[in-house]
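The lines below spell out each chain.
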Amino acid sequence: MINVTLGRTNITVNRNGFGALPIQRASEKDSIRIIQKAYHNGIRFFDTARAYSDSEEKLGLALCQVRQNVFISTKTMQTTVDGFWKDLDTSLHLLKTDYIDLCLLHQPFSDVYGAYRALEDLMAEGKIRAIGISNFYVDRMVDIASFARVKPAVNQIEIHPHHQQNEQLEWA
């Protein structure tokens with residue numbers, strides 16, 4: 001497997017990761033089997049989000065015995081600071097872990113500054129190893145970076161043949 005550095009984190013992960021969105025459509029038993037098969041075939045980077053239905057729970061069940069060997073990224077779409085704190089507690093519980101490797105704000109809506117400040121606080125507490133943003137357009141990315149005490153390590157953006165975001169790539 002080819003490893004890459006994840007954004008500005010100095011954390012090395014597999015270039016190939018496991019996006020957990022689709023497992024919300026599979027049974028718990030099948031999902032655990034799929035996730036563990038990915039792990040046994042060398043996948044160590046697992047990406048999920050609170051919005052992905054039960055994917056955090058399925059990842060937690062499948063990876064709890066090998067947590068120290070995997071990198072878990074999750075995202076929150078909460079629009080308030082209180083909602084963010086609840087989401088993080090839920091994520092930690094469902095993922096069966098006491099820390100998140102990378103936590104991202106999923107969309108640039110509502111109280112992004114308060115939620116980002118909460119990310120920074122949780123990073124200082126050791127509950128999150130790295131913080132970042134997801135689906136932020138360039139103007140919002142620059143705005144949050146100028147506000148932040150800890151600059152976003154990652155701006156995870158959706159790119160595929162049917163959805164090119166060339167301006168975003170220029171800032172990557």
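Residues numbered from 1 in each chain as written. Predicted model: local features only at pLDDT ≥ 70, side-chain atom pairs only at ≥ 80, totals over all residues. Heavy atoms only, no water.

### Digging into the packing of helix 4 (residues 112-125) against helix 5 (residues 138-147)
A pair of packed helices is characterised by two quantities: the angle between their axes and the separation of those axes.
Move 1: With their axes 11 Å apart at the nearest point, helix 4 and helix 5 run at an angle of 50 degrees to one another. Judged by the angle between their axes, helix 4 and helix 5 are oblique. For the pair helix 4 and helix 5, the sense of crossing is right-handed. Taken together, the residues of helix 5 that come into contact with helix 4 (itself represented by V112, Y113, Y116 and R117) are R140, D143, I144 and F147.
Move 2: Of the residues in the contact of helix 4 with helix 5, the class split is 5 nonpolar, no polar and 3 charged. (Axes fitted to C-alpha atoms, helices over the stretch in contact; angles between N-to-C directions. Helix = DSSP H or I, 4+ residues; strand = E, 2+ residues; numbered from the N terminus. Parallel < 35°, antiparallel > 145°, perpendicular 65-115°, else oblique. Left-handed = near helix turned anticlockwise from the far one by under 90°. Contact = heavy atoms within 4.5 Å. Nonpolar A, V, L, I, M, F, W, Y, C, P; charged D, E, K, R; others polar.)

### Thoughts on the nonpolar core
Move 1: F18, I35, F46, L63, Y116, L119 and I128 are the most contacted members of the largest nonpolar core, which has 36 residues in total.
Move 2: Going through the elements one at a time, helix 1 (28-40), helix 2 (55-63), helix 3 (81-94), strand 6 (100-105), helix 4, strand 7 (128-134) and helix 5 are the ones with two or more residues in this core.
Move 3: L6, I11, V13 and F71 belong to the second-largest nonpolar core, a separate cluster that totals 10 residues. (Core = buried A, V, L, I, M, F, W, Y, C linked by side-chain atoms within 4.5 Å. Buried < 20%, exposed > 50% of the residue type's maximum accessible area, 1.4 Å probe, protein only.)

### Some details on the side chain of E120
Move 1: Relative to the helices and strands, E120 resides in helix 4.
Move 2: With relative accessibility at 3%, the residue E120 sits in the buried group.
Move 3: If we skip the residues at most four places from it in the chain, E120 touches I131, A148, R149 and V150.

### Let's talk about the pattern of salt bridges
Should their charged atoms come close, side chains of opposite charge can pair.
Move 1: One pass over the structure, following the stated rule, counts 9 salt bridges.
Move 2: Where R50 meets E56, a salt bridge forms, and the shortest distance between an N and an O atom there is 2.8 Å.
Move 3: Taking relative accessible area as the criterion, E56 reaches 0% and is therefore assigned buried.
Move 4: Notably, a salt bridge pairs R149 with E120, separated by 3.5 Å at the nearest N-O pair. Of the two residues, R149 is situated in the loop between helix 5 and strand 8 (155-156) and E120 in helix 4; the sequence distance between them amounts to 29 residues.
Move 5: Given a relative accessible area of 53%, R149 falls into the exposed group. (Salt bridge = Lys/Arg side-chain N within 4 Å of Asp/Glu carboxyl O.)

### Focus: the environment of G19
Move 1: Looking at where G19 falls in the secondary structure, it is placed in strand 3 (residues 18-19).
Move 2: Take G19: its relative accessible area is 45%, and that puts it in the partly exposed class.
Move 3: Between the C-alpha atom of G19 and that of F46, which follows or precedes it by 27 residues, the distance is 6.1 Å.

### Concerning empty space enclosed by the protein
The method is simple in principle: a probe with the dimensions of a water molecule rolls over the atoms, and the space it marks as empty is what remains.
Move 1: Throughout the structure, instances matching the rule amount to 1 cavity of 30 Å³ or more.
Move 2: The space that makes up the largest cavity amounts to roughly 40 Å³.
Move 3: Lining the largest cavity are R50, T74, K75, T76, F84, D87, L88, S91 and C103.
Move 4: Considering each element in turn, the lining of the largest cavity owes the most residues, 4 residues, to helix 3.
Move 5: Grouping the constituent residues of the lining of the largest cavity by class yields 3 nonpolar, 3 polar and 3 charged. (1 Å grid on protein atoms, 1.4 Å probe; cavity = no way out; pocket = protein on both sides within 12 Å on 5 of 7 lines; lining within 4 Å. Points joined across faces, edges and corners; volume = space filled by probe spheres on them.)

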